[in-house]
Amino acid sequence: SAVISQKPSRDICQRGTSLTIQCQVDSQVTMMFWYRQQPGQSLTLIATANQGSEATYESGFVIDKFPISRPNLTFSTLTVSNMSPEDSSIYLCSGGAGVGDTQYFGPGTRLTVL
Amino acid sequence: DQQVKQNSPSLSVQEGRISILNCDYTNSMFDYFLWYKKYPAEGPTFLISISSIKDKNEDGRFTVFLNKSAKHLSLHIVPSQPGDSAVYFCAASGGSGGSYIPTFGRGTSLIVHP
């Protein structure tokens, strides 16, 4: 299994600003992902974080709004850019060893945009 | 269009009784199914999984049943304990030709009363 930490755990931000969320895994994982969970909704995949290259975004999510970095196998960042109240959500990082492997999740970052 | 559906947003059960959480899916490419448990302020944690080649998988008090013809799976918790109170997410992923990244349902909030 993998232990995944995220920071910050929560933040309250002003409209129009940006927030970068960090995700650290205690062991090397092949796959890292970023999810969003809006109130009453399922976990929605934002993108797959690829080491050393551009992330792979799901439909409805774009790099300009959610730039992602993954400089090595154990660390990734997600930036929520030019925030609006609609971006208020829990953002979760996850990691897994490979195709079909169980994913392990970080504790999440609760973001509130005023 | 939700491919994984958990139609009961909440379930209340007495301690010691059976909890049955249901999940339906629409994508016939799904061949691996997982259940995650999520406590408040924590990320989802993996609970149990089942491959489409099986119709039952048991781990202690937790059993997952899969009915492929009905595209339905259920999680049974016997006996239920107050510590089981959490949100349970059903997730599904596809095999060859499908995506290995799981698609999540919206979750069912289980409350186990002492």
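Details of the structure are given in the entry above.
> Mind showing me how you'd approach the sheet that holds strand β6 (residues 56-59) of chain B here?
What holds strands together in a sheet is hydrogen bonding between their backbones, with the strands either parallel or antiparallel. Residues and elements named next belong to chain B. On the basis of which strands lie adjacent, the open sheet formed by five strands has the order β1-β3-β8-β7-β6 and antiparallel pairing. Edge strands, defined here as strands with exactly one partner in the open sheet, are β1 (4-5) and β6. Taken together, the six bridges between strand β3 (residues 19-25) and strand β8 (residues 72-77) define a ladder with antiparallel strand orientation. The residue of β8 that forms the bridge with Cys 23 is Leu 73.

> I would appreciate a short explanation of the interface of chain B and chain A in the present structure.
A common way to state how big an interface is: give the accessible area lost once the parts meet. The interface is formed by 16 residues belonging to chain B together with 18 residues belonging to chain A. For the chain B and chain A pair, buried surface summed over both sides reaches about 1,500 Å², with 64% attributable to carbon and sulfur atoms. Viewed at the interface, chain A and chain B are joined by zero salt bridges. Scanning the region where chain B abuts chain A turns up two residue pairs in polar contact (both at pLDDT 80 or more). Looking at which element gives the most residues to the side of chain B that touches chain A, the answer is strand β4 (residues 30-38) of chain B, with four residues. Considering only residue class, the side of chain B that touches chain A consists of eleven nonpolar, two polar and three charged.

> Would you mind showing me how to read the pattern of salt bridges here?
Two side chains of opposite charge can pair, provided their charged atoms sit close to one another. Counted by the stated rule, this structure contains three salt bridges over all chains. As a salt-bridge pair, Lys 65 of chain A and Asp 87 of chain A come within 2.6 Å of each other at their nearest N and O atoms. Taken together, the positions of Lys 65 of chain A in the loop between β6 (56-57) and β7 (68-72) and Asp 87 of chain A in the loop between β8 (75-80) and β9 (89-96) put the pair 22 residues apart, joining distant regions of the chain. We note a salt bridge from Glu 58 of chain B to Lys 56 of chain B, for which the minimum N-O separation is 4.0 Å. Exposure remark for Glu 58 of chain B: the relative accessible area of 51% places this residue in the exposed category.

Conventions we followed
- Residues numbered from 1 in each chain as written.
- Chains lettered and ligands numbered in written order.
- Predicted model: local features only at pLDDT ≥ 70, side-chain atom pairs only at ≥ 80, totals over all residues.
- Heavy atoms only, no water.
- Pairing = 2+ DSSP bridges.
- Helix = DSSP H or I, 4+ residues; strand = E, 2+ residues; numbered from the N terminus.
- Contact = heavy atoms within 4.5 Å.
- Buried area = accessible area lost by both parts, 1.4 Å probe.
- Salt bridge = Lys/Arg side-chain N within 4 Å of Asp/Glu carboxyl O.
- Polar contact = N/O pair within 3.5 Å; in protein donor to acceptor, adjacent residues only side chain to side chain.
- Nonpolar A, V, L, I, M, F, W, Y, C, P; charged D, E, K, R; others polar.
- Buried < 20%, exposed > 50% of the residue type's maximum accessible area, 1.4 Å probe, protein only.

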